[in-house]
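As a plain string of letters, each chain reads:
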Amino acid sequence: MMESSYIEQQTDIDNAPTTEPERQYYFMEKAKAYVQADSQRLGRPLKACTKTFGCQMNARDSEKLNGILETVGYELTDSEEADFVIYNTCTVRENANNKVYGRLGVLNTLKKQHPHMKIALCGCMMQEPEVVEKLKTSYRFIDLIFGTHNIYKFAELMVSAFEQQDMVIDIWKDTDKIVEDLPVERKYSFKSGVNIMFGCNNFCSYCIVPYVRGRERSREPKDIIGEITRLADDGVVEIMLLGQNVNSYGKNLKDPVTFAQLLTEIEKIDGIERIRFMTSHPKDLSDELIEVMANSKKLCRHLHLPLQSGSSRILEKMNRRYTKEQYLSLVEKIRAAVPEIALTTDIIVGFPGETEEDFEETMDVVRKVGYDSAFTFIYSKRTGTPAAVMEDQVPQDVVKVRFDRLLKEVQEIAAKKAEALTGQTQPILVEEINRQDSSLVTGRLSNNSVVHIPGDASMIGKLVDVTLTECKGFYYYGKPVNYE
Ligand code: 5AD
Ligand code: SF4
């Protein structure tokens, strides 16, 4: 299912295994030879830089790209002044695309100074044919373009890019393939994302994700459990289970498994102390899952439950398949079972046809639920989605006023919620040295709030009990309790 513009590889692939991941390890060896030769010619190690745009799913994909880059001999760097630069792109809203185009100009200048530099683009934006057309005509300096479905082939595609002058383009429309056991370079030693499923079948009418990430497919429970067990053996204490719609996990497996059953199995893995997951669709959140959450010792007290709109009329046009009332009663049920849970959400303002009354319904849900935090987005028209051709697109000035009103409400409520925890003692997982003040370390509560405490690098990756001494709106200062 490759695009016609795909350039045939000139690599001697006669000896390449046909099974995965063996084939990719073969190409990693080949890439290693090219990297070594270049490194000898330049008399220094080669550097690679991965820039990630978008969601946690992309962040995890970038760790896989980095795993391959390191295996073939690159040193990883944050600076784009590198020998290999790859952008892992997002296309969920228009401004995500614009950011990439803006930065490509900078890369072009760098490549003029360093002609041996290789530039690659991958991720969701590349799954849009118009984007690839634009890159092909106006951004000829790019060496390699691939999409979301064949990211596992990065080593093979990299070898093609080393061996030919022309732009290498390999975009698949969809796939049912999941390739296991490729190298991964984790950003954090003590926490990790774990993909449990890929793609989305929901087709919310504003959303481009189902078109660029393809149909829903779940990993086998044994592969997920195996990966998490290895992560735990490697010192990981917190995992984030990733999927576009984790509540429908396992429905299409040969032996179907529910998300709640998967969680119950993961809970048993020694060494894993905290389990998070993202994202839940309200229409699929089961009573079984609520029960597992209520009884779990390891599941974090945080649920991200995207609302999108509080108006049942707009929700129907969004194809969300729940009403305002159903959403509110789900929240009630969750709160009854897990009273201390923090709820966060995503809200879109200015969906086509949104009236003042519809917007007030959203504000009403925001007040009734009292979110601990909310990501608010201005509706962005995505070509190819049903909403893009809907009538009554809301004028930008109206949207802006509503957006500001919503943001203010969300922030005021969140600040009150946060304040209520001041004085409590709870564990945080310490994640890093504070970026502004190196006498502090920064960690997260079970409910995902950020806390800064006095400390040093030896605390990173540890669960530390802290008393929340001061609330600063959406983060806290605290002090460690009983920490040697
Ligand atoms: N415009 C604005 N926001 C969007 N989202 C998805 N598609 C769009 C769009 N076209 C938001 C939704 C989703 C989050 C990841 O991005 O709120 O939950
Ligand atoms: Fe997009 Fe809806 Fe799927 Fe989320 S559930 S990725 S908003 S289509």
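The structure under discussion appears in the preceding block.
Residues numbered from 1 in each chain as written. Chains lettered and ligands numbered in written order. Predicted model: local features only at pLDDT ≥ 70, side-chain atom pairs only at ≥ 80, totals over all residues. Heavy atoms only, no water.

Regarding the overall build of the protein chain
A count of helices and strands for the protein chain gives 13 helices and 19 strands. The C-alpha atoms of the protein chain give a radius of gyration of 23 Å, which matches the 23 Å a tight globule of 484 residues would have. Dimensions of the protein chain, computed from C-alpha atoms along their principal axes, come out at roughly 65 × 60 × 50 Å. Here the protein chain holds 484 residues, and 55% of them are scored as buried. At a minimum sequence separation of 6, the contacts of the protein chain that also span at least 24 residues come to 74%. For the protein chain, the exposed area adds up to about 21,500 Å²; of that, 50% sits on carbon and sulfur atoms. For the protein chain, the centre of its 61 positive side-chain charges and the centre of its 73 negative side-chain charges are spaced 2 Å apart. (Helix = DSSP H or I, 4+ residues; strand = E, 2+ residues; numbered from the N terminus. Rg over C-alpha atoms; globule rule 2.2 N^0.38 Å. Buried < 20%, exposed > 50% of the residue type's maximum accessible area, 1.4 Å probe, protein only. Contact = heavy atoms within 4.5 Å. Areas by Shrake-Rupley, 256 points an atom, 1.4 Å probe, with all protein chains shown as cover. Lys, Arg positive; Asp, Glu negative; His and termini not counted. Charge placed at Lys NZ, Arg CZ, Asp CG, Glu CD.)

Here's the deal with the pattern of salt bridges
This model, assessed by the stated rule, comprises 41 salt bridges. A salt bridge links E431 to K191, with the nearest nitrogen and oxygen atoms 3.0 Å apart. Of this pair, E431 sits in strand 15 (residues 425–433) while K191 sits in strand 7 (residues 191–195), and the two are 240 residues apart along the sequence. With respect to burial, E431 and K191 carry one shared label: buried. Here E412 ties to K408 by a salt bridge, and the two come within 3.4 Å at their closest N and O atoms. On the criterion of helical spacing, the pair formed by E412 and K408 is a turn pair, its members being 4 residues apart in helix 13 (residues 396–419). Through salt bridges with shared partners, a single ionic network connects R60, E63, E180, R219 and E227. (Salt bridge = Lys/Arg side-chain N within 4 Å of Asp/Glu carboxyl O.)

Observations regarding the site of ligand 2
Residues in close proximity to ligand 2 include C200, N202, F203, C204, Y206, C207, V209, P210, Q244, H281 and R320, which together make up its full environment. Its residues placed into classes, the shell around ligand 2 shows 7 nonpolar, 3 polar and 1 charged. (Near = heavy atom within 4 Å. Nonpolar A, V, L, I, M, F, W, Y, C, P; charged D, E, K, R; others polar.)

Details of the sheet that holds strand 5 (residues 144–146)
Within a beta sheet, neighbouring strands are joined by backbone hydrogen bonds and run either parallel or antiparallel to one another. Pairing is parallel across the open sheet formed by 6 strands, whose spatial order is 2-1-3-4-5-6. Each of the sheet's edge strands pairs with one partner strand only, and the pair in question is strand 2 (75–76) and strand 6 (168–170). The pairing of strand 5 with strand 6 spans 3 bridges and is parallel. Bridge pairing in strand 6 links F146 to D170. Its contacts with the sheet put helix 5 (residues 154–163) on strand 3 (84–89), strand 4 (118–123), strand 5 and strand 6, and the angle it makes with strand 5 is roughly 150°. (Pairing = 2+ DSSP bridges. Axes fitted to C-alpha atoms, helices over the stretch in contact; angles between N-to-C directions.)

Notes on the sheet that holds strand 14 (residues 373–378)
If you walk across this open sheet you meet the 3 strands as 12-13-14, and the pairing is parallel. Every interior strand has two partners, whereas the edge strands, strand 12 (302–304) and strand 14, have only one. Adjacent strand axes in the sheet meet at a mean angle of 15° when their direction is disregarded. Note: strand 13 (residues 342–349) against strand 14, 6 bridges, orientation parallel. Residue pairing across strands places T344 opposite S373, the latter belonging to strand 14.

Observations regarding the side chain of R23
With respect to the helices and strands, the residue R23 is situated in helix 1 (residues 22–42). For R23, a relative accessible area of 14% corresponds to the buried category. From its side chain, R23 meets the backbone oxygen of P17 in a polar contact 3.2 Å long. (Polar contact = N/O pair within 3.5 Å; in protein donor to acceptor, adjacent residues only side chain to side chain.)

As for the site of ligand 1
Close to ligand 1 lie V92, R93, Y206, Q308, D346, I348, F377, I378, Y379, S380 and R382. A distance of 2.8 Å separates a nitrogen atom of ligand 1 from a polar atom in the backbone of S380. Across the complex, the protein chains shield 85% of the 400 Å² of accessible surface that ligand 1 would expose by itself. Where the shell around ligand 1 is concerned, the elements lending two or more residues are strand 13 and strand 14. Of the residues assigned to the shell around ligand 1, the class counts are 6 nonpolar, 2 polar and 3 charged.

Details of the environment of V464
Along the chain, the position of V464 falls in strand 18 (residues 463–471). Here V464 falls in the buried class, since its relative accessible area comes to 1%. For the pair V464 and S280, spaced 184 residues apart in the sequence, the C-alpha separation amounts to 28 Å.

Some details on the state of the cysteines
A complete count under the given rule lists 0 disulfides for this structure. The thiol sulfur of C55 is not disulfide-bonded, and the nearest other cysteine sulfur, from C90, lies at 6.5 Å. The thiol of C90 is unpaired, and the distance to the nearest cysteine sulfur, on C124, comes to 6.2 Å. For C90, a relative accessible area of 12% translates into the label buried. (Disulfide = S-S within 2.5 Å.)

Notes on the nonpolar core
In this structure, I239, L241, F259 and F277 are the most contacted members of the largest nonpolar core, which totals 68 residues. Filtering out sequence-adjacent residues up to four positions away, F259 remains in contact with I196, L241, V246, N247, Y249, F277 and L289. Grouped together as the second largest cluster of nonpolar side chains are 29 residues, F27, I68, V159 and L182 included. (Core = buried A, V, L, I, M, F, W, Y, C linked by side-chain atoms within 4.5 Å.)

Re the pairing of strand 3
Within strand 3, 6 of the 6 residues are buried, leaving the element largely enclosed by the surrounding structure. Neither face of strand 3 is left uncovered, since the one carrying F84, I86 and N88 and the one carrying V85, Y87 and T89 both have all their residues buried. Relative to strand 3, strand 1 (residues 47–52) is paired through 5 bridges, and the arrangement is parallel. Note on strand 3: the bridge partner recorded for C49 is V85. As defined by bridge partners, strand 3 adjoins strand 4 across 6 bridges and the pair is classed as parallel. In the sheet register, T89 faces strand 4, and the bridge partner there is G123. In this region the chain leaves strand 3, passes through helix 3 (residues 94–113) and returns to the parallel neighbour strand 4; the handedness of that crossover is right-handed. (Right-handed = clockwise from strand over helix to strand, strands pointing away.)

Here's the deal with helix 3
With 20 residues, helix 3 extends 30 Å between its outermost C-alpha atoms, agreeing within 8% with the 28 Å of an ideal straight helix rising 1.5 Å per residue. Of the residues making up helix 3, those classed as buried are A96, N97, V100, Y101, L104, L107, L110 and K111. Buried residues belonging to helix 3 abut strand 3, strand 4 and helix 4 (129–138). (Expected span 1.5 Å × (residues − 1).)

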